[in-house]
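Residues per chain, in single letters:
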Amino acid sequence: MYVRLLVLWGCWLGLLGAARAQTPASGTGVAVPNAPGLASPPLPPPATAPSAPVAAVAKRLTRSRVLKVSTDPAQRAVVRRYRLPATVSDSLTALRTVRELVLGLQADAYLLASADKMSWGRDTVRAQVYVGEQFRWAYLRNGNLGDGLLTRAGYREKFFRRAAWRPADWAALQERILTEAENQGYPFATVGLDSVRLEGHDIAGRVVLRRGPAVVFDSIEVVGTSKTKKRFLTKYLQIFPGAPYSQQRLTSAALLLRQLPYVRLRAEPEVRFAKGRARVYLLLDERSSNQFDAIVGLLPNANGASGFQFTGDVNINLRNLRGGGKQIGLQWRKVDALTQSLDGNYLHPNFFGTPLEVGTTFNFYKQSGNFLTIRPRVQVTYPTARAGRLTFFAEQRSSRLLFDSLGYVGINDQRALPDFIDSEASAYGLAYARTNLDDLYFPHRGSFISVQGGAGSKTIRRNASISESLYENVNLRTTQYTFSGRIERYWALGRQSVVLARLRGEGLFNQQYFLNDLFRLGGLNSLRGFTENQFYTNAYGVGTLEFRQFTGPEGYVFIFIDQAALRAYQSDVAKPATLDQPTGLGTGISFRTAAGLFQFVYSVGKSSFSGQQLSLGASKIHFGLTSRF
């Protein structure tokens, strides 16, 4: 608990009382009130006839009345600024309106404002309000504070010289000074006015800080079942033993801990002070976060052939390795008979004891008979409690043609470059992500945002199997830009119903596109109702609206609609870009079993560019099992 003295109200009220006693009465007959501060207006009179029915009295008190406020003619312009209503619905509203007027005047430095008299007529409520003079700062000087502390608190002497004496401004300055003191190792500091002088309606004084005892951090103690090491938490939260106490770091600790998928924060961190040291207690429980997914897809054979084909998606994520916060992941996908990919990632937090996270990702994509793409990436992330996660990244992308991609046309008969081409691209950029979901795995409310932008160069490599004459009209080195974004918002409708709205998209901008440069869209993780990687495009956006009805803490049924807009790929650059708007509809169920989380999704899709219609014969079924341990 922190001891804060926001305003020396006792001293202040005494000064105001003395000033009020010297204020002359107005020549208009408005009496100067004797009570300092806010004088509450009197209640409406009770019914004069004791025998009147209760219903009649209630009707009289709740009848609409005209509100008339009178004051000194010189102050009518001041009262007019508050835009009082001409009529009030009942007596209670009249009282509230007059009280808000008086409080507003006092907040605007008319410290002696009050309601002196209220009279209640049959159809009219009359209020007599005293406004008085506006108090001002003569000056506010630095007492015993260092210039650096006052500057960080936002103090400037010119702001308090001949300026209106508003209590809110003074309280806000006190709060900022105390915040700075708390973050510099003085959690028991107090602040107030000293050497106060009142001359007429001008107030002068010095701001004085009483720091109290200096406090340093002692250690972090974990209370709960979490296996996370204190050494990692100390570096992650930047709470080091012997460092000056900082309330800001303690407040940020809860927000940072909620971003970790492998711990559950039971309550806000607690701190205990003893002998000039502060020990922080974290109430953390272990949360199953290591993940193993195995999803199997059943799709009709392509090209109208009878039968079905299986697709697969295996995902392994190991988090908080040995309690040190390290993460490693591996994902293998087979989207059709000829295409498969492999993704890997590694995250190392608290690089060299700093709050920075260093990570690397690797993508391997092979489309049999056509091309092979390798895409490594290195990134450095700075996580913050309130502002989100800021990432700087550098990546390299290399794509090579396979021999079979040239087999359909004789080398000597080629008249144009194939849809696939040898190329290399490098990019540097920034990414930003922020989340305030109530649960990272099964959110009911909150939002998530992620944006990324990069720029770099793209180089087309000549292939020895392709005639050099075909490269004559191709710019072999160009500048390339990439952008991506994802926004999600969850609304809880009651205790078990949730609505999800999602908007995401990507863009690739270059002078010339080839098939192995483009984004691939379609399937369970991007656009449901279509074959995996059915669409090739350089720019797309997908909007999703999904309704989830939870049947338990980790189980729900859902229906969804995915609406996309994309630029369909054209191999002939002379043709204008075709805009396609595919739509996916479907339903599914997800529930917890002894082996893990089982999910089943049934979906259909419609696309004008590919000619696919909403048909049960073209429906897609995906089911899988996610195990967390």
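In this text, all values refer to a predicted model and were calculated from it rather than measured experimentally. (Residues numbered from 1 in each chain as written. Predicted model: local features only at pLDDT ≥ 70, side-chain atom pairs only at ≥ 80, totals over all residues. Heavy atoms only, no water.)

In this section: the confidence of the model for the chain. Model confidence for the chain is summarised by a mean pLDDT of 83, while 85% of its residues fall at 70 or above. Confidence drops under a pLDDT of 50 for residues 1–40, and excluding neighbours within four residues, the segment shows 71 contacts in the predicted structure. This stretch, residues 408–412, has a pLDDT under 50; its non-local contacts, to residues over four places away or in other chains, come to three contacts. (pLDDT = per-residue confidence, 0-100. Contact = heavy atoms within 4.5 Å.)

One finds Leu 417, Leu 518, Leu 521 and Leu 527 to be the most contacted residues of the largest nonpolar core, which totals 28 residues. Going through the elements one at a time, β23 (519–521), β24 (535–552) and β25 (555–568) are the ones with two or more residues in this core. The biggest single contributor to this core is β24, with four residues. Excluding residues that lie within four positions of it along the chain, Leu 417 makes contacts with Ile 466, Leu 470, Tyr 471, Val 474 and Phe 514. Listed in part, the 24 residues of the second largest apolar core include Phe 160, Leu 178, Ala 181 and Ala 189. (Core = buried A, V, L, I, M, F, W, Y, C linked by side-chain atoms within 4.5 Å. Buried < 20%, exposed > 50% of the residue type's maximum accessible area, 1.4 Å probe, protein only. Helix = DSSP H or I, 4+ residues; strand = E, 2+ residues; numbered from the N terminus.)

Moving on: a nonpolar patch on the surface. A contiguous nonpolar patch, built from Phe 351, Phe 352, Leu 356, Val 380, Tyr 382, Leu 390, Phe 392, Tyr 428 and Leu 430 and spanning about 920 Å² of accessible area, is present on the exposed surface. Elements that contribute at least two residues to the nonpolar patch include exactly β17 (371–383), β18 (389–401) and β19 (423–435). Inspection of the secondary structure assignment puts Phe 392 in strand β18. The class of Phe 392 is partly exposed, set by a relative accessible area of 44%. (Patch = residues over 30% accessible without salt bridge, like charges linked within 9 Å, V, L, I, M, F, W, Y side chains within 5 Å. Areas by Shrake-Rupley, 256 points an atom, 1.4 Å probe, with all protein chains shown as cover. Salt bridge = Lys/Arg side-chain N within 4 Å of Asp/Glu carboxyl O.)

It is worth spelling out the packing of aromatic side chains at this point. Using the criterion set out here, one finds 17 aromatic pairs in the structure. Three or more aromatic residues joined by ring pairs make a cluster, and in this case those are Trp 137, Phe 160, Trp 165 and Trp 170. (Phe/Tyr/Trp six-rings, centres within 6.5 Å; stacked < 30°, edge-to-face > 60°.)

On to the packing of helix α7 (residues 230–237) against helix α8 (residues 247–257). Running from N to C, α7 and α8 cross one another at 115°; their axes reach a closest spacing of 10 Å. As the angle between them shows, α7 and α8 are arranged roughly perpendicular. Judged by the sense of rotation from one axis to the other, the crossing of α7 with α8 is right-handed. In contact with Leu 233, Tyr 236 and Leu 237 of α7, α8 contributes Arg 249, Ala 253, Leu 256 and Leu 257. Across the contact of α7 with α8, the residue classes break down as six nonpolar, no polar and one charged. (Axes fitted to C-alpha atoms, helices over the stretch in contact; angles between N-to-C directions. Parallel < 35°, antiparallel > 145°, perpendicular 65-115°, else oblique. Left-handed = near helix turned anticlockwise from the far one by under 90°. Nonpolar A, V, L, I, M, F, W, Y, C, P; charged D, E, K, R; others polar.)

We now examine unusual backbone geometry. Of note in the backbone geometry, Arg 162 takes a positive phi value of approximately 60° without being a glycine. Residue placement: Arg 162 occurs in the loop between α5 (147–152) and α6 (167–182). Notably, Asn 350 is not glycine yet its phi reads approximately 50°, a positive angle. Mapped onto the secondary structure, Asn 350 falls in the loop between β15 (339–348) and β16 (357–367).

Time to look at the pattern of salt bridges. Taken as a whole and judged by the stated rule, the model has 28 salt bridges. Taking the shortest distance from any N to any O, the salt bridge between Asp 517 and Lys 458 comes out at 2.6 Å. One end of the pair, Asp 517, is in the loop between β22 (497–509) and β23; the other, Lys 458, is in strand β20 (residues 446–460), and 59 residues separate them in sequence. For the residue pair Asp 517 and Lys 458, the accessibility class agrees, reading buried in each case. Ionic pairing is found between Glu 488 and Arg 502, a salt bridge with its closest N-O pair at 3.0 Å. Pair noted here: Glu 488 is in strand β21 (residues 477–493) and Arg 502 is in strand β22, with a separation of 14 residues, a long-range link. For the pair Glu 488 and Arg 502, one class covers both residues: buried.

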